[in-house]
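# Breakdown of the fold
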Amino acid sequence: AKDKTVTWTSSDTNIITVNNGEITAVAPGTAKVTVTTVNGHSAEATITVENPEVSSITLSGNVTIYIDNTHQILATIQPENARDKTLTWTSSNPNVATVDQTGLVTGVGGGEATITATTVNGLTANVTIIVEASYTDPSGASAPELTGDMIPVVYNETKATWEKASISSKWYDYNNQMWANAVTIADSTKREKYKTARAGTAIPISDINTMLVWIPRYSYTLGNTYGYQIAGANTPSKATPGAFDIKFVDKDTIETGSGKYTGNEPTGYFTPSSFCWGDTCDNESTRNDPGNIELSGIWISKFEITGELTSITSIPNNYPIRYVTISTYFNNIKNQLNGNNGETKYGLSGDYDAHMIKNTEWGAFTYLSQSKYGKYGNPNFSGVYKEIYRNNSYQSGMDEQSITGCSGGIPNGYARSSCQYTYDKPITGTGASTTGTIYGIYDTSGSKDEHVMGNYSNKTTTSGFSSMPARRYYNLYTSTTSSIKGDAMIAENVAEFYNDYAGLSYFASSGPWLTRGGSTFTPSTTDNGPFYYYGNPNNPTKFYGTRFAITIW
């Protein structure tokens, strides 16, 4: 031919380009390449461009989870523009762990399983899942429910540190005043580290943002007005009350007795409404309403809330948050610990609700403490020392600020410009907890008067609420409902147990919001304790703090 010059063209340069016959793929699709001579003859070819096949797959690391908990495995596929990234997920042992087709693993039974992801072109990657079976407590207490990335912990007395617990081993023992404890971790990197760590890994307080204590579901009754006498205790009286009869029950058990009995055999057991989540739980006639959920237990923050309103914590040797209204406490706890914030800042997820503690939830740990499972049953304390020790601390130069977890070493110590005994000091320090051990709840006698969600006649007085929140978030008292069973106020005639102050008349007349526990600066040192209650119009002063509870279903 005289002139062999040709021109190359692409019908869609977004799919392929062509230069002197050299074709370059740009994106998946189909296009035609045409070659044309100078005298107008042409030829064409149809070109189909496909993404490349998967060349490699890796999975996030091995992990330990618990029965009924979930873990999301993350897969990384190369190249990023691989033709088909579909994966098939399988478990080597579905009796231990199952996996859905998104890589979400669910713990089923104790043991070990290999989870495998397979690409469409046959590449595989594996991850090992260890599932720990739950420990069963001889007391019959319900197994603590861990939601999201809550981490169970035990205290190593030799090393004086909290450690990650194995839930298949004894990490709680209610017969010996060892209540279950768990923590949340704020930093997501550290949270993942502890979540995947082996049991026995130390978790310093500096890495913890909240500490929690599990109150298992129970039924109670109080015998012969003041309860029964345990060895080492004084004769039961109003000043030195005896023990509640308590039995742990499952979430399907609702007992409706009077909560009191006379004689030698316990009768009249009652399951308190603190273990029911809903708008009509407090009324015995409506507790079975369809919207209410029965709970196997509740988590209570171990200390008063500390830190800042924008970053709430509950840890020892810190300053309680104060000088705020009830609505500010309520809304910040709810906003910080729930939803996306709760997942990001605390690692909480699933079916749960974190909220400012209700009065009946305060009553739940108070009655448990006043039983063989709490400080009253602790053989290391006798006589008047069965009563929870007072947190009598205040920080000099800090406008009478107290310090969480402190103890005066006796039930009714006067305010001191120091922390006499820290929460981890055996007997003198742990005597300020609800168990007399490091595993109990602190700051329930002294420190700050604690606002709880208990209200008289739906009065919003100076609370900051424009209207009352949903009923599930507070206990309502009226002229005809002056007590709720299990609230540790006047039901079962527990008012003034240990001579704790009982301010029902003030609550009804001018203080529509309840406070509990008394403060470091309560004028009479005998007034303080878990049975203390008082009405407050919600003056946001230096004397008031609060804590939170978490319900899981």
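Criteria and thresholds
- Residues numbered from 1 in each chain as written.
- Predicted model: local features only at pLDDT ≥ 70, side-chain atom pairs only at ≥ 80, totals over all residues.
- Heavy atoms only, no water.
- Helix = DSSP H or I, 4+ residues; strand = E, 2+ residues; numbered from the N terminus.
- Buried < 20%, exposed > 50% of the residue type's maximum accessible area, 1.4 Å probe, protein only.
- Contact = heavy atoms within 4.5 Å.
- Areas by Shrake-Rupley, 256 points an atom, 1.4 Å probe, with all protein chains shown as cover.
- Lys, Arg positive; Asp, Glu negative; His and termini not counted.
- Charge placed at Lys NZ, Arg CZ, Asp CG, Glu CD.
- Phe/Tyr/Trp six-rings, centres within 6.5 Å; stacked < 30°, edge-to-face > 60°.
- Pairing = 2+ DSSP bridges.
- Axes fitted to C-alpha atoms, helices over the stretch in contact; angles between N-to-C directions.
- Patch = residues over 30% accessible without salt bridge, like charges linked within 9 Å, V, L, I, M, F, W, Y side chains within 5 Å.
- Salt bridge = Lys/Arg side-chain N within 4 Å of Asp/Glu carboxyl O.
- Disulfide = S-S within 2.5 Å.
- Core = buried A, V, L, I, M, F, W, Y, C linked by side-chain atoms within 4.5 Å.

### Quick notes on the overall build of the protein
Of the regular secondary structure elements, the protein holds five helices and 33 strands. Every one of the 553 residues in the protein was classed for burial, and the buried ones make up 53%. Within the protein, residue pairs in contact and separated by at least 24 positions form 66% of the contacts whose partners lie at least 6 positions apart. About 22,000 Å² of surface is accessible on the protein, with carbon and sulfur atoms providing 47% of the total. A gap of 4 Å separates the mean positions of the 38 positive and 49 negative side-chain charges of the protein.

### Let's talk about the packing of aromatic side chains
Summed over all chains, the structure comprises 31 aromatic pairs. Each ring, one from Phe303 and one from Tyr423, has its centre 5.6 Å from the other, and the planes form 85°; the classification is edge-to-face. Here Phe303, found in the loop between strand E24 (297-301) and strand E25 (306-308), pairs with Tyr423, found in the loop between helix H4 (359-369) and strand E28 (449-456); they are 120 residues apart in sequence, far enough to count as distant. Their ring planes at 35° and their centres at 5.9 Å tell us that Phe465 and Trp513 sit as a pair that is tilted. Separated by 48 residues along the polypeptide, Phe465 in the loop between E28 and strand E29 (475-477) and Trp513 in strand E30 (residues 513-517) bring together distant segments of the chain. Assigned by exposure class, Phe465 and Trp513 land together as buried.

### Let's talk about the sheet that holds strand E16 (residues 161-164)
Within the open sheet, the seven strands sit side by side as E16-E15-E17-E18-E24-E33-E27. Their pairing is antiparallel. Strands with a single pairing partner mark the edges of an open sheet, and in this sheet they are E16 and strand E27 (352-356). Adjacent strand axes in the sheet meet at a mean angle of 35° when their direction is disregarded.

### Considerations on the sheet that holds strand E20 (residues 245-248)
Remark on secondary structure: sheet strands pair via backbone hydrogen bonds, oriented parallel or antiparallel. Pairing within the open sheet is mixed, and its three strands lie in the order E20-E19-E21. What marks the edges here is a single partner per strand, and that holds for E20 and strand E21 (260-261). Of the pairings in the sheet, the one linking strand E19 (residues 218-223) to E21 comprises two bridges and is parallel in character. The residue of E21 that forms the bridge with Gly223 is Tyr261.

### Here's the deal with the environment of Thr34
With respect to the helices, strands and loops of the structure, Thr34 is situated in strand E4 (residues 29-37). In sequence terms Thr34 and Arg471 are 437 residues apart; their C-alpha atoms lie 75 Å from each other. Not counting residues up to four positions away in its chain, the partners in contact with Thr34 are Thr7, Trp8, Thr9, Ser42, Ala43 and Glu44.

### Some thoughts on a nonpolar patch on the surface
On the surface, a cluster of nonpolar side chains totalling about 260 Å² of accessible area is made up of Val384, Tyr385 and Ile410. Looking at the secondary structure, you find Ile410 in the loop between H4 and E28. The partly exposed category is assigned to Ile410, whose relative accessible area is 39%.

### Some details on the state of the cysteines
Inspection of every chain in the model, using the stated rule, returns two disulfides. Across a sulfur-sulfur distance of 2.0 Å, Cys276 and Cys281 are joined as a disulfide pair. Between Cys276 and Cys281, the S-S torsion sits near -65°, and that sign places the bridge as left-handed. Look at Cys276 and you get buried, because its relative accessible area is 1%. We classify Cys281 as buried; its relative accessible area is 4%. Put simply, Cys406 and Cys419 are joined by a disulfide, and their sulfur atoms are 2.0 Å apart. On the S-S bond that ties Cys406 to Cys419, the torsion sits near -115°, and the link is left-handed. Residue Cys406 is located in the loop between H4 and E28, and its partner Cys419 is located in the loop between H4 and E28; the two are separated by 13 residues in the primary sequence.

### Considerations on H4
Extensive coverage of H4 is indicated by the burial of 11 of its 11 residues. Of all the residues in H4, the buried ones are Asn359, Thr360, Glu361, Trp362, Gly363, Ala364, Phe365, Thr366, Tyr367, Leu368 and Ser369.

### A short note on the pairing of strand E33 (residues 548-552)
The buried fraction of E33 is high, at five of five residues. Of the pairings in the sheet, the one linking E24 to E33 comprises three bridges and is antiparallel in character. For Ile300, the partnering residue across the bridge sits in E33 and is Ala549. Sheet analysis places E27 next to E33, joined by five bridges and oriented antiparallel. Directly across from Tyr352, in E33, lies its bridge partner Ile552.

### Thoughts on the nonpolar core
If you look at the biggest cluster of nonpolar residues, it comprises 101 residues, and the most contacted ones within it are Tyr174, Ile215, Tyr218, Trp299, Leu368 and Ile550. The element that contributes the greatest number of residues to this core is strand E18 (residues 208-216), accounting for six residues. Setting aside residues up to four positions removed in sequence, Ile550 forms contacts with Leu212, Ile298, Trp299, Leu348, Tyr352, Asp353 and Ala354. Within the second largest apolar cluster, 21 residues are counted, among which are Ala82, Val105, Ala113 and Ile129.

### Observations regarding the pattern of salt bridges
One side chain can pair with another of opposite charge once the charged atoms of both are near each other. Counted according to the given criterion, the structure contains 14 salt bridges. Two residues, Asp173 and Lys170, come together in a salt bridge whose shortest N-O distance is 3.7 Å. Judged by its relative accessible area of 8%, Asp173 is buried. For Arg547, the salt bridge identified is with Glu450, shortest N-O distance 2.7 Å.

### Concerning the pairing of E18
By the criterion of burial, E18 is predominantly enclosed, with nine of the nine residues buried. Inspection of the sheet shows strand E17 (residues 181-185) paired to E18 by five bridges, in the antiparallel sense. What sits directly across from Thr184, in E18, is Thr210. Note that E18 and E24 share five bridges and pair antiparallel.

So, to be careful, I would describe these as geometric facts and stop short of saying anything about function.
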